[in-house]
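# A structural walkthrough
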Amino acid sequence: MSEKLAILWPEIILFLGTCVVMILGLSPRIEARKACAAVAAIAIVLAGIVGSLAPSGGSALLPELMNYSKGLIAIIGLLLLLLATGTVDRAEERAIAAGQRTFDPLRATRGEFYAFFLFSLTGLMLCASADDLIWLFLALELTSLPTYVMVAISTRGTRSQEAGVKYFFLGALGAAIFLYGFALLYGGTGTTNLTEMHAYFAANGLNPIATAGLVISIVGIGFKIAAVPMHFYTADVYQGAAASVSAFLAFVPKTAGFLAILAIVAAPGWAYGTSGESLPPELRVTLWVIAALTMTVGNTLALMQTSIKRILAYSSIAHTGYMLVGVIAGPGDGSFTQNGVAAVLFYLLTYGVLNLGAFAIVACLEHDRGDTTEPDEADHIDDLKGLCRTKPVMGWVIVISSLGLLGLPPLLGFFGKVPLFTSGIAAGEIALVLVLAINSAIAAFYYLRLVNAALLSDPDPKGETLRETPLPLRRVAAVVATGGVIVLTIAAGGLMTAAEQAGTYAPMTHDEAERYLEAAGRASQAAELPEAP
Amino acid sequence: MLYLLMAVPLLFAAVIATRPPEHARWIALVGSFVALGVTLFAMLQFSYAFGGSTQLEAHTPWIPALGVTLDVGVDSVSLLLIALTALLGPICVLASWTAITWQQRTYYAWLLILQTAMVGVFAARDLIFFYVCFEFTLIPMYVLISLFGSTNRKKAATKFFLYTFTGSIVALAGLIYVAWWHARGAGEWTFAIATLGETARQMPLSVQMPVMIAMLLGFAVKVPLFPVHTWLPLAHTEAPTAGSVILAGVLLKLGTYGIYRFVLPFVPEAVAVAAPTIAVLSIIGIVYAGLICWVQTDVKKLVAYSSVSHLGFCVIGLFALNHVGISGSVMYMINHGLSTGALFLLIGMAYERYHTRSMKELGGLAAKMPVWATFMVFFAMASVALPGLNGFVSEFMCMMGVFQADDAWAAAAGSAAQVPGSTPGPLGPWFALAAGTGVIIGAMYVLYMVGKVCFGPLVEPAGHDQHAHGDGHEGDHHLPADLTPREIWTLLPLAAGCLVLGLYPSPVLDTIEPSVSNIVSLYDDRVELPAMMPTGDTDAPADRPAEVMP
């Protein structure tokens, strides 16, 4: 118990921060409520520092995963927080500032918003340290449940509420599916502990019930990472929510989903197939089809959009497909070039930073109608026209982010993709790598449209009401994300080493597994389990 | 040294970004001349006796986790292409001197950045570094075309970007596959081109084939080879003059250089099998593009299609797989850069004066612009390979290489040694004959164009005169009727190059010799293909040259 607690300090810090924010958020004084964001930021920074310095722990199969993930979560989380400042209650505060209304504690939702924000990050960090199915389920749900509320309250419009409801129902469906998968896994192996499950698989091999459990779990978690066929909500929800919350959705649940998928597929491990170095065939085929479909569907549908948020939503689906290649490839011999797990972890970082920059543009540009209603986000692709000339900073943010997401060398996205290529080829998945290559080319169509609009078009004459948001922290987030792209491109080597270490996979041999089960008092039980029909 | 060569344009681009727009073109000019100077210095340091080995090397680790480095080094072919790039640098700046009047900082900065990327491609000795530079050339070119091109520029730029990006990402997959093959054998990942080449050659044919197809997809788009050439005429036509010059002069050479540097030395067995197919594609490109040229009324489009045709010669020369053919092809890369680059300059100059490129609206300009017409005729002759000018040397060598590369012929002649420089190869006289029709077509369309535009009755676009003499018409800049000294100085170096390389090509041929030998030696001890061996005289060509039949 105590060693479990020792690795959970980051989560505890975040949780304490959440409590403080919740209480502060109830304060009748507006100053206290405004401090919520600051408290949240401090909690995230502290959690990040503690998380990356803490002794490693978590799952015994991916022993180094935790620290890297928590550091990553804290960095991107902090940027997301900067971006999310002032998302809720803007109309209210404008009215107060204009003297039309006085502060009414009952109408303000600021405290709740930041509390849910922190709750979700807590869940995400818990995913990184999970070593048990029950824990994993709770962590995944702790990540997702607050996001349903965040979507719904992110703007005052009915669209957000519709998006929130849609997200909630489909999210519940997804959760039900993977919970069913978890149940089958327990039924097939007699344990919920992932290390013990791995030992069971290593000692006794797969059985049909467990295999079905694995496949169903993956499909269910597909909701979190927005993979086909669980991707339908993505575009509508991202469009309905405020851009800052969409950026949150594009990173936080996705990262949680990938950490969960890695934890689950690590249980059977990559020791099956004809060469003995791939996932169990059923699982491999499932993931293969999901990956190929996800990137193709995401990229193809993104071609037809005119809303920036919808483009980014479909592109985030495509990126899920790319990362699944790394999951299929597996850890290989552990070196960075062959380690698909490390490739996924590195890609999560590159994707997180680049995607944040792209969403930040939508959050930073708005049409001001001049009254006390909320300003509309500049979500149409035409709003980007001539941005590099009229608002150079914002223009270059979107140009660099788009080209980075496209994977154009020498930007960061390219170095995210190369390990996916190398690990995929090393694992013998040549066909899938070709699908990945072709999809990268398709993606060029719509990312170029963004670049084209911002860099090369003349400003839209209708865009007179377009202005930069008065919220300075959002602009800081956009600029920091883009600066980060450049800095991380130069420093990619060090990060790759970190990702390589984080992707360490420590499977058990058959003998070790039997000893482990014996020590756990399950040897006889394992032997007694009937051969499945 | 090579880093310096790459850093200079970048540095000046940065300076441009911080200075007022009026200074941009001067800074760019100084920058490109400094780069030219550094290039000349590098050429002096190069030891030509060992031109086949990598020289002026520098090693810098970049991303150890991936095995990626920033290693650079040049052999003689890379060096010559870098020299071509550096030579075109100042010319491009001068060519844009009056044509670009808006957003000058953007224009000149991207021009210089493009130069850095191109030098990087030729200098890189690391696969990923090569690829980074190769891809990065897209961005400056994309910006140059879509901001400074003519009416249809957006579409042209997008098409250019998408075609080449798609091709090269498949090529990347192929190249990474080679790297993995190496890693599997050697136990560690490296992207050093020389090392990977050695590994790649040991791959069995069944593996070499897909790798070759992947690589060719990437490089053929860039060349461009039929049937993936469709982006080029559009991009050329829409690009600003300097953009066209760089596109024709250097960017297309990235494709042939890629074939020279990767396809030929990496997968010789597959290349030997596929050479006839590629040759047929090249010939289709040569003839088909030539015929299209013939019916063009837009002068710039005509020259653009002629590029497709010419690059067909370049590729077929490479795939002759013998000394003459490959040397000729490398010569062709440089010559085409000089002569076609100059033709684009000339068309740009005429366009600045008349604002049209249509042959219907231009004619007999020799009367109005004698100097311009002189240059036009000169470069047109260089382009159709008039003996004594540079085009002749390279085109003749390419054809010669193709002609000689015939298994049947070599075998019938008793031994390859009877015809100096000839090696058994998969092509032969029939291929040469087919490609030769392209030469004739080339002469027809170029002479037709020159005859129409330079000679004959004077035709000028309606309303030109009042514009030229009226004041304040935007874009005219009160250019005199004929060329200004600046324009003449832009063209003279290219003309000198054409003449020198045409009359006395041996220094260049000697320079590239060692590098070409390295590649040809891979094919010398190749197992001859049984299908190509003569089994009798049944299917032998009737017009087999008499002098080699004893």
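Residues numbered from 1 in each chain as written. Chains lettered and ligands numbered in written order. Predicted model: local features only at pLDDT ≥ 70, side-chain atom pairs only at ≥ 80, totals over all residues. Heavy atoms only, no water.

### Observations regarding the overall build of chain B
For chain B, the helix and strand inventory stands at 22 helices and 4 strands. Counting all 550 residues of chain B, 65% fall into the buried class. Considering only residue pairs separated by 6 or more positions, chain B has 79% of its internal contacts joining residues 24 or more positions apart. Surface summary for chain B: the accessible area is close to 18800 Å², and the carbon and sulfur share equals 68%. (Helix = DSSP H or I, 4+ residues; strand = E, 2+ residues; numbered from the N terminus. Buried < 20%, exposed > 50% of the residue type's maximum accessible area, 1.4 Å probe, protein only. Contact = heavy atoms within 4.5 Å. Areas by Shrake-Rupley, 256 points an atom, 1.4 Å probe, with all protein chains shown as cover.)

### Some details on the overall build of chain A
When its secondary structure is counted, chain A shows 24 helices and 3 strands. In terms of overall dimensions, chain A has a C-alpha envelope of 75 × 50 × 40 Å along the principal axes. Expressed as a percentage of the 533 residues in chain A, the buried residues total 62%. Total accessible area on chain A is roughly 17900 Å²; 67% of this is exposed by carbon and sulfur atoms. Here chain A contributes 30 positive and 39 negative side-chain charges, whose respective centroids are spaced 11 Å apart. (Lys, Arg positive; Asp, Glu negative; His and termini not counted. Charge placed at Lys NZ, Arg CZ, Asp CG, Glu CD.)

### A closer look at the sheet that holds strand 3 (residues 466-468) of chain A
For sheets, the rule is that strands pair by backbone hydrogen bonds, running either parallel or antiparallel. Strands sit in the order 2-1-3 (chain A) across an open sheet of 3 strands; the sheet is antiparallel. With one partner strand each, in any of the chains shown, strand 2 (376-377) and strand 3 of chain A form the two edges of the open sheet. (Pairing = 2+ DSSP bridges.)

### Comments concerning the interface of chain B and chain A
Contacts between the two partners involve 31 residues from chain B, matched on the other side by 36 residues from chain A. Both faces combined, the contact of chain B with chain A buries some 3100 Å², and carbon together with sulfur accounts for 82% of it. Our enumeration of links across chain B and chain A arrives at 0 salt bridges. Elements supplying a minimum of two residues to the side of chain B that touches chain A: strand 2 (61-63), helix 5 (127-136), helix 6 (138-148) and helix 7 (153-186) of chain B. Broken down by element, the side of chain B that touches chain A gets its largest block of residues, 13 residues, from helix 7 of chain B. Of the residues assigned to the side of chain B that touches chain A, the class counts are 25 nonpolar, 4 polar and 2 charged. (Buried area = accessible area lost by both parts, 1.4 Å probe. Salt bridge = Lys/Arg side-chain N within 4 Å of Asp/Glu carboxyl O. Nonpolar A, V, L, I, M, F, W, Y, C, P; charged D, E, K, R; others polar.)

### A closer look at the state of the cysteines
Residues and elements named next belong to chain B. With the rule as written, the count across this model stands at 0 disulfides over all chains. Here C293 stays unpaired: no disulfide links it, and the sulfur of C314, its closest cysteine neighbor, is 16 Å away. Here C314 stays free of any disulfide, with the sulfur of C398 as its closest cysteine sulfur at 6.1 Å. C314 sits in the buried class, given a relative accessible area of 1%. (Disulfide = S-S within 2.5 Å.)

### Re unusual backbone geometry
All names here are of chain A. The omega torsion of the bond from V228 to P229 falls at 0 degrees, within 30 degrees of zero and hence cis. Residue P410 is reached from P409 by a cis peptide bond, and omega for that bond is 5 degrees. Take P410: it is sitting in the loop between helix 18 (392-406) and helix 19 (412-426). The phi dihedral of A226 is positive, around 60 degrees, even though this residue is not glycine. By the element assignment, A226 lies in the loop between helix 11 (208-225) and helix 12 (233-240). Among the residues examined, A226 registers a relative accessible area of 1% and is labelled buried.

### Description of helix 1 (residues 2-18) of chain B
Residues and elements named next belong to chain B. With 17 residues, helix 1 should cover 24 Å at 1.5 Å per step; its first-to-last C-alpha distance of 25 Å lies within 8% of that length. For helix 1, every residue scored as buried is listed here: L2, L5, M6, V8, P9, F12, A13 and I16. Buried-residue contacts for helix 1 involve helix 2 (24-45), strand 1 (55-58), strand 4 (72-74), helix 3 (76-95), helix 4 (104-123) and helix 5. (Expected span 1.5 Å × (residues − 1).)

### Some remarks on the environment of L522 of chain B
All names here are of chain B. Its place among the elements puts L522 in helix 22 (residues 506-524). Overall, the relative accessible area of 24% leaves L522 in the partly exposed class. Sequence separation of L522 and V93 is 429 residues, and the distance between their C-alpha atoms is 41 Å. When near neighbours in sequence (up to four residues on either side) are disregarded, L522 contacts R201, L264 and P265.

### Comments concerning a nonpolar patch on the surface
All names here are of chain B. Side chains of L291, W294, V295, I440, M444 and Y448 sit close together on the surface and give an oily, nonpolar patch of about 600 Å² of accessible area. Of all the secondary-structure elements, those providing two or more residues to the nonpolar patch are helix 12 (268-294) and helix 19 (429-454). If you tally residues by element for the nonpolar patch, the top one is helix 19, at 3 residues. Relative to the elements of secondary structure, V295 occurs in the loop between helix 12 and helix 13 (299-318). Judged by relative accessible area, which is 63%, V295 ranks as exposed. (Patch = residues over 30% accessible without salt bridge, like charges linked within 9 Å, V, L, I, M, F, W, Y side chains within 5 Å.)

### Regarding the pattern of salt bridges
Residues and elements named next belong to chain A. By the definition in use, this model includes 11 salt bridges over all chains. Among the ionic pairs, D236 bridges to R310, the shortest N-O distance being 3.1 Å. Pair noted here: D236 is in helix 12 and R310 is in helix 15 (residues 308-329), with a separation of 74 residues, a long-range link. Look at D236 and you get partly exposed, because its relative accessible area is 28%.

### A word on the packing of aromatic side chains
Applying the stated criterion across every chain, the model contains 40 aromatic pairs over all chains. With a centroid separation of 6.2 Å and 70 degrees between ring planes, the pair formed by Y238 of chain A and F359 of chain A is classed as edge-to-face. In this pair, Y238 of chain A is assigned in helix 12 and F359 of chain A in helix 16 (residues 340-364), connecting sequence segments 121 residues apart. Seen in terms of ring centroids, Y177 of chain B and W180 of chain B are 5.6 Å apart; in terms of plane orientation they differ by 55 degrees. Their pairing is tilted. Of this pair, Y177 of chain B and W180 of chain B are both found in helix 7, 3 residues apart, which corresponds to roughly one turn of the helix. (Phe/Tyr/Trp six-rings, centres within 6.5 Å; stacked < 30°, edge-to-face > 60°.)

### Here we look at the nonpolar core
Counting 401 residues, the largest nonpolar core has F161, V263, L264, V267, F319, W372 and F379 of chain B as its most contacted members. At 20 residues, helix 16 of chain A tops the list of elements feeding residues into this core. Beyond its immediate stretch of four places on either side in the chain, F319 of chain B contacts L216, I259, V263, L264, V271, A275, I278 and L427 of chain B. The next biggest cluster of nonpolar side chains, apart from the first, holds 5 residues, and it includes A199, M508, A513 and L517 of chain A. (Core = buried A, V, L, I, M, F, W, Y, C linked by side-chain atoms within 4.5 Å.)

### Focus on the environment of L354 of chain A
Residue and element names in this part refer to chain A. Here L354 lies in helix 16. On a C-alpha basis, the gap between L354 and S401 in space is 5.1 Å, while along the polypeptide they are 47 residues apart. Excluding anything up to four places from it in sequence, L354 contacts I400, S401, G404, L405, G413 and V485.

### Overview of the confidence of the model for chain B
This prediction gives chain B a mean pLDDT of 80; 88% of its residues lie at or above 70. Complex prediction metrics read pTM 0.85 and ipTM 0.81. (pLDDT = per-residue confidence, 0-100.)

### Things to note about the side chain of Q296 of chain B
With respect to the helices, strands and loops of the structure, Q296 of chain B is situated in the loop between helix 12 and helix 13. Exposure remark for Q296 of chain B: the relative accessible area of 14% places this residue in the buried category.

### Notes on a negative patch on the surface
All names here are of chain A. Residues D511, E512, E514 and E518 make up a contiguous surface patch of negative charge. Note that E512 resides in helix 23 (residues 510-519). Taking relative accessible area as the criterion, E512 reaches 36% and is therefore assigned partly exposed.

### A closer look at the environment of V263 of chain B
Residue and element names in this part refer to chain B. Tracing the backbone through its elements, the reader meets V263 in helix 11 (residues 241-266). With 176 residues separating them along the chain, V263 and L87 place their C-alpha atoms 27 Å apart. Setting aside its immediate chain neighbours within four residues, V263 contacts M212, M215, L216, F219, G258, V271 and F319.

### Quick look at the side chain of E366 of chain A
Looking at the element boundaries, E366 of chain A is found in strand 1 (residues 365-367). What E366 of chain A contacts, discounting residues up to four positions off in sequence, is R90, P375, D376, E377, A378, T465, L466, R467, T469 and P470 of chain A.

### Structural notes on the packing of helix 11 of chain A against helix 14 (residues 281-302) of chain A
Residues and elements named next belong to chain A. One way to put it is that helix 11 packs onto helix 14 with a least axis distance of 9 Å and a crossing angle of 15 degrees. Here helix 11 is positioned roughly parallel relative to helix 14, judged by the angle of their axes. The way helix 11 lies across helix 14 gives a crossing that is right-handed. Counted together, T211, L214, V215, I218 and V219 of helix 11 and E282, L283, T286, L287 and I290 of helix 14 form the full contact between these two elements. Within the contact of helix 11 with helix 14, the residues separate by chemical class into 7 nonpolar, 2 polar and 1 charged. (Axes fitted to C-alpha atoms, helices over the stretch in contact; angles between N-to-C directions. Parallel < 35°, antiparallel > 145°, perpendicular 65-115°, else oblique. Left-handed = near helix turned anticlockwise from the far one by under 90°.)

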